[in-house]
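The residues making up each chain are set out below.
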Amino acid sequence: MATHWSTVFAGARDTSPLLVGVIPFGVIWGAVCVGAGVPEWGGFVMSLIVFAGASQLVAVQLMAEQASLAVVIVTALIINARMFMYSASIAPHFKGMHPLKKAALAYPLTDQAYAISITRFNGDTNGLNKGAYYLGSAALMWTAFNSSTLAGAYAGAFLPAGSDLGFAIPLTFIALVIPAVIDRPSILAATVAGAVAYFANSLPYNLGLLTAAISGIVVGYTAERRQNHG
Amino acid sequence: MVDMSQYWPVVLILGVGTYLIRYSFILIMDKITLPNAFHRMLRFIPAAVLSALVVPGVLLHEKGVAPFAGWERAVAALIAVGVAWKTRSILWTIASGMVSLWVLKAVMV
């Protein structure tokens, strides 16, 4: 077990620089909730249950605009639909684990825990306990996001306006995407996805993100096939 | 203001739905065999999805105004991309981007 704990710790350690982006995000979320009339503990409980900040922000924004229940849920779920792809991508690494363990590991799957773990899993994994590594990453993310949610709910009103802390969120994704861009097909995938996301942003129900991601994946896959076939 | 009688149903349904999305392939991967092409596509997921999250987040920040209204963000993001490429350090990437944005805004006022 001792080695497992050191692997859990390694996952948390590799994830820790991301807290610079996660904590402001949690704080912003907590503050937005209170601003929209949700009680302090209400935003915290939503973070515990849903644990997907971007979709939570959009859901609360839509509810504040008096959108219908169906619109709120469908829009928020479409934002989280990218996790289908994370689930598919990380699933081979969880293969053969106890079903209960897999069910538990699914709950804290986030952009960050996914990206950090998959980068590690694609490297030298000789003797690595993948579940333990992922758990360390996810547990740190979970603790940081939920505690900063609480902090934001109770202290958000004191945040200086216009300090641009929200910019730490796209910066986090930049830090995560660069290690995934390793060759020509993946550069193409990232470029096409970014461009499509820009031009498809006005698509209804946030379908732009999914359209962009699928375009990038298909282009990357096609480019790789061309490369391999000469 | 958010209607709390709507809030809790949303929290529960969104929570269950999001969990099922996360669990989906982790649950079924052991039971079914997916085509080889599917597995080869998986490798492009991080690059494509993360890039699709970044670009609108940086360039379309100021909703409803001219596309490049938040150009300081675009420049700061480009600097961060360069730093990420060179250093491969998450911390330096975020720090360089934040500092660039603050400096650009301070200089341009």
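Procedures and definitions
Counting restarts for each chain: residues are numbered from 1 in the order of the written sequence. In the order they appear in the text, chains get letters beginning with A and ligands get numbers beginning with 1. With pLDDT at 70 or above as the cut-off, local features in this predicted model cover only qualifying residues; side-chain atom pairs require 80 or more to be listed or tallied, and sums for whole chains, interfaces and linings still use all residues. Numbered from the N terminus, helices here are DSSP runs of H or I no shorter than four residues, and strands are runs of E no shorter than two. Each radius of gyration reported is based on C-alpha atoms, and the globular scaling rule is 2.2 Å times the count of residues to the power 0.38. A residue is called partly exposed when the number of other C-beta atoms within 10 Å of its own lies between 12 and 20, exposed at 12 or fewer, and buried at 20 or more, with C-beta atoms placed from the backbone. In this description, any two residues whose backbone-derived C-beta atoms lie within 7 Å of each other are considered to be in contact. Here the limits of each domain have been adopted from an automatic or database domain assignment. Charged residues are taken to be Asp, Glu, Lys and Arg, nonpolar residues to be Ala, Val, Leu, Ile, Met, Phe, Trp, Tyr, Cys and Pro, and polar residues to be all remaining types, Gly included. Fitted lines through C-alpha atoms serve as axes, helices being fitted only where they are in contact, and the angles separating the N-to-C directions of these axes extend from 0 to 180 degrees. Any angle between 65 and 115 degrees counts as roughly perpendicular, while under 35 counts as roughly parallel, over 145 as roughly antiparallel, and the rest as oblique. By the definition used in this description, the sense in which the near helix is turned from the far one sets the handedness, with an anticlockwise turn below a right angle giving left-handed and a clockwise turn giving right-handed. Here the expected span of a helix is defined as 1.5 Å times the quantity of residues minus one. Directions are taken from the helix axis to each C-beta atom, and the arc is the one they span. What makes a nonpolar core is a set of buried Ala, Val, Leu, Ile, Met, Phe, Trp, Tyr and Cys residues, with links drawn between C-beta atoms within 7 Å.

**A few points about the overall build of chain A**
At step 1: What chain A contains, in helices and strands, is twelve helices and zero strands.
At step 2: Reading chain A from its N terminus to its C terminus gives the helix and strand order α-α-α-α-α-α-α-α-α-α-α-α.
At step 3: In terms of overall size, chain A behaves like a compact globule, its C-alpha atoms giving a radius of gyration of 19 Å where 230 residues would be expected to give roughly 17 Å.
At step 4: Taken over the C-alpha atoms alone, chain A extends approximately 60 × 50 × 35 Å along its principal axes.
At step 5: Taken over 230 residues, chain A has a buried fraction of 50%.
At step 6: Put simply, of all contacts in chain A between residues at least 6 apart along the chain, 76% involve residues at least 24 apart.

**Here's the deal with the domain arrangement of chain A**
All names here are of chain A.
At step 1: When the domains of chain A are assigned, the result is domain 1 (2-164) and domain 2 (181-230).
At step 2: Using only C-alpha atoms to locate each centre, domain 1 and domain 2 end up separated by 24 Å.
At step 3: Each partner contributes residues to the interface: domain 1 has seven residues there, and domain 2 has six residues.
At step 4: At the level of secondary structure, the elements contributing two or more residues to the side of domain 1 that touches domain 2 comprise helix 5 (69-80) and helix 6 (82-94).
At step 5: A total of four residues in the side of domain 1 that touches domain 2 trace back to one element, the largest contributor, which is helix 5.
At step 6: For the side of domain 1 that touches domain 2, the class distribution of residues is five nonpolar, one polar and one charged.

**Considering the environment of A:Arg120**
At step 1: One can find A:Arg120 in helix 8 (residues 111-121).
At step 2: When neighbours within four sequence positions are excluded, A:Arg120 is seen to be in contact with A:Asp14 and A:Tyr133.

**Examining the packing of helix 4 (residues 53-64) of chain A against helix 5 of chain A**
A pair of packed helices is characterised by two quantities: the angle between their axes and the separation of those axes.
Residue and element names in this part refer to chain A.
At step 1: Interaxial distance between helix 4 and helix 5 falls to 9 Å at its minimum, and their mutual angle equals 160 degrees. Of the possible angle classes, the one that applies to helix 4 and helix 5 is roughly antiparallel. Judged by the sense of rotation from one axis to the other, the crossing of helix 4 with helix 5 is right-handed. Where helix 4 approaches helix 5, its residues Ala54, Ser55, Val58, Ala59, Leu62 and Met63 are matched on the opposing element by Val71, Val72, Thr75, Ala76, Ile79 and Asn80.
At step 2: Class assignment of the residues belonging to the contact of helix 4 with helix 5 gives a composition of nine nonpolar, three polar and no charged.

**Here's the deal with helix 5 of chain A**
At step 1: Spanning twelve residues, helix 5 of chain A covers 17 Å between terminal C-alpha atoms, matching the ideal 16 Å at 1.5 Å per step.
At step 2: Turning to helix 5 of chain A, its buried residues number three or more, namely A:Val72, A:Ala76, A:Leu77, A:Ile79 and A:Asn80. For helix 5 of chain A, the arc enclosing every buried residue in end-on projection is 155 degrees, short of the 170-degree limit, so these residues lie on one face.
At step 3: Contact partners of the buried residues in helix 5 of chain A: helix 4, helix 6 and helix 12 (207-228) of chain A together with helix 1 (4-28) of chain B.

**Concerning the nonpolar core**
At step 1: With 108 residues, the main nonpolar core has A:Ile174, A:Val177 and B:Ala48 as its most contacted residues.
At step 2: Ranked by the residues each element gives to this core, the list is headed by helix 3 (residues 45-59) of chain B, at eleven residues.
At step 3: Excluding anything up to four places from it in sequence, A:Ile174 contacts B:Val54, B:Ala77, B:Ala80, B:Val81, B:Ala84, B:Thr93 and B:Gly97.

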